Amino acid sequence: MAQAAKWTETRVRAIRDVTHDVREFEIVPENGAVLSYAPGAHIDVGVMIGDAPQTRSYSLVGMPGGDCYKIAVKRVAPSRGGSAYMWRLAPGDRLRATEPKSAFAVEFGRASYLLIAGGIGITPLVGMAQMLAKRGADVRMLYAVRGERDLAFAETLRDALGDRLELHIGRQIDFAAEFTKLKPGTLAALCGPIPMLEAARGAWEAAKLSAADLRWETFGSSGRMAAAPFKVRVPSHDLEFDVPADASLLDALRSAGIDAISDCRKGECGLCAMDVVACDGEIDHRDVFLSPEEKAHGRKLCVCVSRARGVLTLDSGWRPDAI
Ligand code: FES
């Protein structure tokens, strides 16, 4: 389970564009207390989507020890609303945020490290690369982006890693080749879209490496199909409603009065998984919790990130009269 969130009032101190669609925010707590954190940690921030308050998680960029928290937000189109809200912020604006929470970390003292980033997945790895390089660790980074203009924090990474930074611009990483040449005891940390993680996990398993030595985090917005509205039925509650393209199924369920539980909201923990009764269309699984077999059977769905096309019929274990 996630650590209990401790919320605090903060102010946006500065904003800068890191790429054409990635914006960095410097955030300072009103009480001035910038806490230390492990590289890879994140904060949750409170955003407004329409009239509804919601939470979004953003990795802290860079090493701890500064006088502010730095996060970087990619403008997503279509957005579920979080990135659009963040991109409307201006210096001086207030923002509710949690203290740093650590769910993606590497321990020090390993023989070597391989950091793997895909797109905006670079954000938690910047601080890891800096920290490992500072400690003199044997570390390499593979950083894949669609095009040159999508490279974020490249100078910072070059300063830390030099030629141990390997850019994959417009080309995929050959995980099988990379993993077969790893030194024994190497710890790999990956942050990227779900297809990248699935490819890496498959190659990691094929190379017979220890599952515990591959750490990962994803951003659960990357599905097979473009986000589009779809219909949901919940017969146990006599409900039928539409999920807009810019809202998650979890948020739509909550708006309809179903108190679905959740934790990570990134398709990783499985807490939000619900039973699928039927799907008149197609499910777009966007989580990394369910196995490929479970996804193929289509009897479960992680509602925080996954979507569907057509009409989805769900069962909810939540019963208002059971409370
Ligand atoms: S809340 Fe963690 S998988 Fe949905």
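Note that this is a predicted model, so its numbers are computed, not measured.

Asker: Which residues make up the sheet that holds strand β13 (residues 239-243), and what values do they have?
Answerer: Taken in spatial order, the five strands of this open sheet run β13-β12-β16-β14-β15, and their pairing is mixed. Strand pairing shows two members of the sheet lacking a second neighbour, β13 and β15 (300-302), which therefore form its edges. Averaged over all neighbouring strand pairs, the angle between strand axes comes to 35°, with direction disregarded. As paired strands, strand β14 (residues 273-284) and strand β16 (residues 307-315) are joined by nine bridges and run antiparallel to one another. Bridge pairing links E282 to R309 in β16.

Asker: Describe the environment of L161, naming the residues involved and giving the relevant values.
Answerer: The topology assignment puts L161 in helix α3 (residues 154-161). Overall, the relative accessible area of 3% leaves L161 in the buried class. Along the chain, L161 and A129 lie 32 residues apart, while their C-alpha atoms are 7.2 Å from each other. The contacts of L161, once residues within four sequence positions are left out, are A129, A133, V139 and M141.

Asker: Before we move on, can you summarise the pattern of salt bridges with the specific residues and values?
Answerer: Tallying each qualifying case throughout the model produces 26 salt bridges. When the shortest N-O distance is used, the salt bridge between E99 and K6 registers 3.9 Å. Residue E99 is located in the loop between β6 (94-98) and β7 (113-118), and its partner K6 is located in the segment before β1 (7-17); the two are separated by 93 residues in the primary sequence. E99 gets classed as partly exposed once you look at its relative accessible area, which sits at 27%. Residue classification places K6 among the exposed residues on the basis of a relative accessible area of 55%.

Asker: A description of unusual backbone geometry should follow, citing residues and the corresponding values.
Answerer: Phi is positive for K208, close to 60°, though the residue is something other than glycine. Mapped onto the fold, K208 is located in the loop between α5 (194-206) and β11 (214-218). Residue class for K208 comes out exposed when judged on its relative accessible area of 75%. In this model, D238 sits at a positive phi of 55°, which is unusual for a non-glycine residue. The class of D238 is exposed, set by a relative accessible area of 72%.

Asker: If you had to explain α3 to someone new, which residues and values would you point to?
Answerer: For α3, the set of buried residues is A154, L157, A160 and L161. Down the axis of α3, the smallest arc covering the buried residues is 130°, so these residues share one side. In α3, the exposed positions that point more than 90 degrees away from the buried face belong to E155 and D159. In the core, the buried residues of α3 are packed alongside α2 (123-134), β8 (139-145) and β9 (165-169). Taken from the residues just after α3, G162 is the one with a positive phi, measuring 60°.

Asker: I'd love a proper account of α5, names of residues and values included.
Answerer: Counted at 1.5 Å a residue, the expected span for α5 with its 13 residues is 18 Å, and the 18 Å between its end C-alpha atoms agrees. For α5, the complete set of buried residues consists of I194, M196, L197, A200, A203 and W204. Check the buried side of α5 and you find it contacts β7, β8, α4 (175-180), β10 (187-192) and β11.

Asker: I'd love a proper account of the pairing of β10, names of residues and values included.
Answerer: Of all six residues in β10, six are buried, a share of seventy percent or more. Because side chains alternate across β10, one face comprises the buried residues L187, A189 and C191, and the other comprises A188, L190 and G192, equally buried. Bridge count for β7 against β10 is five bridges, and the pairing is parallel. Across the sheet, I116 pairs through a bridge with L190, a residue of β10. Across five bridges, the pairing between β10 and β11 is parallel. Residue pairing across strands places A189 opposite R215, the latter belonging to β11. Remark: the β10/α5/β11 crossover connection has right-handed handedness.

What counts as what
- Residues numbered from 1 in each chain as written.
- Predicted model: local features only at pLDDT ≥ 70, side-chain atom pairs only at ≥ 80, totals over all residues.
- Heavy atoms only, no water.
- Pairing = 2+ DSSP bridges.
- Helix = DSSP H or I, 4+ residues; strand = E, 2+ residues; numbered from the N terminus.
- Axes fitted to C-alpha atoms, helices over the stretch in contact; angles between N-to-C directions.
- Buried < 20%, exposed > 50% of the residue type's maximum accessible area, 1.4 Å probe, protein only.
- Contact = heavy atoms within 4.5 Å.
- Salt bridge = Lys/Arg side-chain N within 4 Å of Asp/Glu carboxyl O.
- Arc of directions from axis to C-beta.
- Expected span 1.5 Å × (residues − 1).
- Right-handed = clockwise from strand over helix to strand, strands pointing away.

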